[in-house]
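Architecture and fold: a report
One letter stands for each residue in the lines below.
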Amino acid sequence: MNPKTINHALQPAAKPRPGGDGVEPPREVSGSENYRPAIHYTPRRNWINDPNGLLHHNGLYHLFYQYNPNSSVHANMSWGHASSTDLLHWEEHPVAIPCDEEEQIFSGSAVFDAHNSSGLGTVDNPPLVAVYTSAYTNPSALAGRQAQSLAYSLDGGSIWTKYAANPVLDRGSANFRDPKVFRHTQGEASYWVMVAVEAQARTVELYRSENLTEWTHLSSFGPANATGGVWECPDLFELPVDGDPDTTRWMLVVNLNPGGVAGGSGAQYFIGTFNGTTFTPENTTTAGTDAGTKPLRQYDWLDWGRDYYAAVSYNNAPDGRRIMTGWMNNWDYAADVPHEPWCGAMTLPREITLTRHHGVIRPSQHVVPEIDNKFKAAAASSDGPRVIQDEIQLLATHDANEAQRIDAVFTPGTGTEFGLIIRGGNGHGTRIAYNTSTGCLHLDRTKSGVVAFNSLFSSIESVPVHLSNGTLALHIYLDKSSVEVFTADGLATITDQIFPLETSQELSAYANGGSATLDSLTIGYLS
Ligand code: FRU
C-alpha cells in the first residue's frame, strides 16, 4: 500500500479567538451557542472527545483530538487539530488524520522524531510522528482488533500521511489502545517508550522501540486501585519533587470509565519510580496500591469532579513543564449535554508539579500562567472581611457571557458549611462550599440550571481539603458552561460542567449552622 496523503495545508492565518478558532464569521448568540465556552477549546462544530497527540513543536502547541468530522455523535473517529502559541487562543485546522472504511483513528500521542529514527523523514527534515490506535472495522481483515499505527508529518503538523506498513504493534487484542509515546533517556541509553492499555484487563502495557516501527514488550502494570471500569488513555512522566532536580518521581496516569471517584469517567494516578523497564508504585501515596478493594475515595485522583477525563500531557513542553488537558465531559451523559453545533470542550490546560505534603508526594495543579495571568480584577472585589451568619449574602452580579476567575478566601467560624453560590438567582445556582464536619469541599450542581437532559448529570462532588493556615482559598475558573475549582495550593480540584439559566447572574456567599468570614473576594475578567 502506498502512503496516502490525507490532509491539506493549514488554513491561512486568521486571528484565533480564546478557546477556539477565529476563522468563522461572528456567530449568533442563541440556543446552546450561549453555552459555547469563551476560554476552553471547542471545535466550531461536531463531536469531540479525548485530547490526542499533545505536542509542543516550533513554538506551537498542537492539540489533536478525537473528532467526528460529520456530526455531533461519537462516530467516524478521526483526529481533529487545533494549534496555539499561548494555550488560550486556538486556531482550528482541517482534520489531521481521518478515519476510512477500514479503521477509526482512536486516541494516541505525537512525538518529534528529531533524529529521524523512524526513517519517515530525513535527517534534514525529521518528522512529527503520531502514534494512534487503529480500531479496525469491516471490511478490514483485522476487523474487531485494536492495534497501534503511525502517521507522520513532514511540514510541522499540517499534512499527515499514514505509514504504509501499519499497524506497527498488534497483539491480536480487541481492547489494546491509547498509546502515549515519549523519549526516555537514562545514562547512555535513549529510546522510545510507549504506555498503552489493555482496557478490559485493566493493565498498562509498556513497550520500547528504537525506531517507532518495531516494539518490544517491557512490562505490565496493574490491575491496581480503581478498576471499576475500563482503563484508558494512560500517561507516564517524570517530575522533580518540590523543584529539586535530584529528587524525582514518575507519575502514571490511568483514566478509567466508569469507576471514577465522582461517578462515571475519572482520572486516577500513581506516584512511583520507572527504571526504564518497569513502573513501581510507591506506598507513599494516600492509599498505596491494592487490588481495587478500598473505597474509591482512598485512591489518588487528578480531579474530583465529573468532567475531567482522558487527561494526558504535552510532549516537549518548554522548560520541562508538564501541562495536562482533559476532555471536559463524562461518558455517563456526554451524548446528551446541550452542545450544538459544537459538541464538547477541553479543560483548561494545567501545569503539574510534585510536592511533598505531610510526607506524601502529591501532584499540585495550577491553570497555566499564560491563561491565569490574563485575568484582571474587576470592580466587584470585596472591600474587606465580611461575616456571614446563617444567611445568603449577595456579593455581586457576574457576567453570564464572559469567562471569569473568582478568588475567595474564607475563615471558618461556628458554621458547619460555608461557601459561594455562583451563577445564582431565584433558587438556582451552583454551590461551592466547605463542610467543617466532613473536611471536604463540595460542588453542588443539582440546581445549577439545565440538568434534566440526563438523570446522571445532577450531582454533588466532594474532595477532602486540608485548610491552609486555617483558611480556605478558592480559585474558580468559570466559563459559560463549566466551572473548575482549585484549592489547597492546587492539591484539590473539581471540574464540572454547568448549564446555568441566562438570568442566573448572582454571586453570593452563604453560611449554614453559624458563621463564617469571607476575608476577600476578587472577580477577574480576561484583560
Ligand atoms: C476514551 C476512549 C479511548 C478511545 C477513544 C475513542 O474516552 O474511549 O479509549 O481511544 O475514547 O474515541
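As defined by bridge partners, strand 12 (residues 203-209) adjoins strand 13 (residues 216-221) across five bridges and the pair is classed as antiparallel. Considered in strand 13, the bridge of Val 204 is made with Phe 221.

With that settled, consider the pairing of strand 11 (residues 189-198). Burial analysis of strand 11 places eight of its ten residues in the buried class, which makes it a mostly covered element. The antiparallel hairpin formed by strand 10 (residues 176-186) and strand 11 contains two residues in its connecting segment, where Gly 187 sits at a positive phi of about 60°. With seven bridges connecting them, strand 11 and strand 12 associate as antiparallel partners. By the bridge assignment for strand 12, Ala 196 is matched with Glu 205. In sequence, strand 11 turns back onto strand 12 through a hairpin of four residues, with Arg 202 there showing a positive phi of about 55°.

Here we come to the state of the cysteines. Evaluated as defined, the whole model comprises zero disulfides. Free of any disulfide, Cys 99 has its nearest neighbouring cysteine sulfur in Cys 343, separated by 16 Å. Look at Cys 99 and you get partly exposed, because its relative accessible area is 23%.

Bringing the domain arrangement of the protein chain into the picture now. Per the domain assignment, the segments making up the protein chain are domain 1 (3-367) and domain 2 (374-526). Just the C-alpha atoms count here: the centres of domain 1 and domain 2 sit 30 Å apart. Every contact between the two is made by 39 residues of domain 1 and, on the other side, 35 residues of domain 2. A buried area of about 3200 Å², summed over both sides, lies between domain 1 and domain 2, and 54% of it is on carbon and sulfur atoms. For Asp 307, the salt bridge goes to Arg 445, with nearest N and O atoms at 3.0 Å. Summed over the shared surface of domain 1 and domain 2, the number is 32 residue pairs in polar contact (both at pLDDT 80 or more). At the level of elements, strand 21 (350-357) and strand 22 (360-367) are the ones that each hand at least two residues to the side of domain 1 that touches domain 2. Looking at the side of domain 1 that touches domain 2 element by element, the count peaks at six residues for strand 22. Taken together, the residues of the side of domain 1 that touches domain 2 sort by class into 18 nonpolar, twelve polar and nine charged.

Bringing the packing of aromatic side chains into the picture now. All told, the structure shown has 26 aromatic pairs when counted by the stated rule. Relative to Trp 79, the ring of Phe 64 has its centre 5.6 Å away and its plane inclined at 40°; by these criteria the two rings are tilted. Residue Phe 64 is found in strand 3 (residues 60-67), and its partner Trp 79 is found in strand 4 (residues 78-84); the two are separated by 15 residues along the sequence. Grouping residues by exposure puts Phe 64 and Trp 79 together as buried. Among the aromatic residues, ring-to-ring pairing joins Tyr 35, Tyr 333, Phe 453, Phe 457 and Phe 499 into one connected group. Against the face of Phe 176 rests Arg 171, its NZ or CZ located 5.0 Å from the ring centre. The ring of Trp 192 has Arg 183 sitting right over it, with the charged end atom 4.7 Å from the ring centre.

Analysis parameters
- Residue indices begin from 1 for each chain and proceed along its sequence in written order.
- The predicted nature of this model means local features are confined to residues of pLDDT at least 70 and side-chain atom pairs, given and counted, to a pLDDT of 80 or more, with totals for whole chains, interfaces and linings taken over all residues.
- Calculation of side-chain values draws on the structure's entire complement of heavy atoms; hydrogens and water are dropped beforehand.
- Two strands are said to pair when DSSP picks up at least two bridges between them.
- Helical segments are the DSSP runs of H or I of at least four residues, strand segments are the runs of E of at least two, and each set is numbered from the N terminus.
- Burial classes: relative accessible area under 20% of the type maximum marks a residue as buried, over 50% as exposed, and values in between as partly exposed (1.4 Å probe, protein chains only).
- Count a disulfide wherever a pair of cysteine sulfur atoms falls within 2.5 Å.
- An automatic or database domain assignment provides the domain bounds reported here.
- Residue contacts are counted whenever heavy atoms from the two residues lie within 4.5 Å of one another.
- Summed over both partners, the accessible surface that disappears when two parts come together, traced with a 1.4 Å probe, is what is meant by buried area.
- We count a salt bridge whenever a side-chain nitrogen from Lys or Arg sits within 4 Å of a carboxyl oxygen from Asp or Glu.
- Whenever two N or O atoms come within 3.5 Å, that pair is a polar contact, provided that in protein one can donate a hydrogen and the other can accept it, and provided that, for residues adjacent in sequence, both atoms are side-chain atoms.
- All residues other than Ala, Val, Leu, Ile, Met, Phe, Trp, Tyr, Cys, Pro, Asp, Glu, Lys and Arg, Gly among them, are scored as polar; the first ten of these are nonpolar and the last four charged.
- Pairing of aromatic side chains here covers Phe, Tyr and the six-membered ring of Trp, requires ring centres within 6.5 Å, and sorts the geometry by plane angle: under 30 degrees stacked, over 60 edge-to-face, intermediate tilted.
- Cation placement over rings: the criterion is NZ of Lys or CZ of Arg within 6 Å of the ring centroid and within 35° of the ring normal.

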